[in-house]
Amino acid sequence: MFKTNQPKETMTIEAISKNNVILKVGDKCTFSTLTYDYPNLKLDQKITITKVFDNGVVRVDNGTDFEVNVLANLIDKD
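Residues numbered from 1 in each chain as written. Predicted model: local features only at pLDDT ≥ 70, side-chain atom pairs only at ≥ 80, totals over all residues. Heavy atoms only, no water.

Chemist: Pulling in residues and values, what's your account of the environment of Asp 61?
Modeler: Tracing the backbone through its elements, the reader meets Asp 61 in strand β3 (residues 57-61). Assessed through its relative accessible area of 25%, Asp 61 is described here as partly exposed. When the C-alpha atoms of Asp 61 and Ile 47 are compared, they prove to be 5.6 Å apart, with 14 residues separating the residues in sequence. Beyond its immediate chain neighbours, meaning those up to four positions away, Asp 61 contacts Ile 47, Thr 48, Thr 50, Phe 66 and Glu 67. Within the structure, Asp 61 has its side chain in polar contact with the backbone nitrogen of Gly 63 (distance 3.1 Å). (Helix = DSSP H or I, 4+ residues; strand = E, 2+ residues; numbered from the N terminus. Buried < 20%, exposed > 50% of the residue type's maximum accessible area, 1.4 Å probe, protein only. Contact = heavy atoms within 4.5 Å. Polar contact = N/O pair within 3.5 Å; in protein donor to acceptor, adjacent residues only side chain to side chain.)

Chemist: Quick one: what's the story with the packing of aromatic side chains, residue by residue and with numbers?
Modeler: Using the criterion set out here, one finds 1 aromatic pair in the structure. Judged by centre distance (6.0 Å) and plane angle (80 degrees), the rings of Phe 31 and Tyr 38 are edge-to-face. The residues Phe 31 and Tyr 38 share a single accessibility class, namely buried. (Phe/Tyr/Trp six-rings, centres within 6.5 Å; stacked < 30°, edge-to-face > 60°.)

Written out as structure tokens, the structure is:
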């Protein structure tokens, strides 16, 4: 195995909503996908972005004590 001085290449994915808007912390959004993978979120529920990750996932607050990590392409920015 040879060591190199070249930096590792990393790939980041922007958190892009269902309506093609880049999401940021504090954005007001709507959970707009009918799926049973997120039991704490309901269709057309108002949510707020609390954290954005570099892999297309955002953490959202739905007004309860729980924050949920969600794929960004499942929500619409208001």
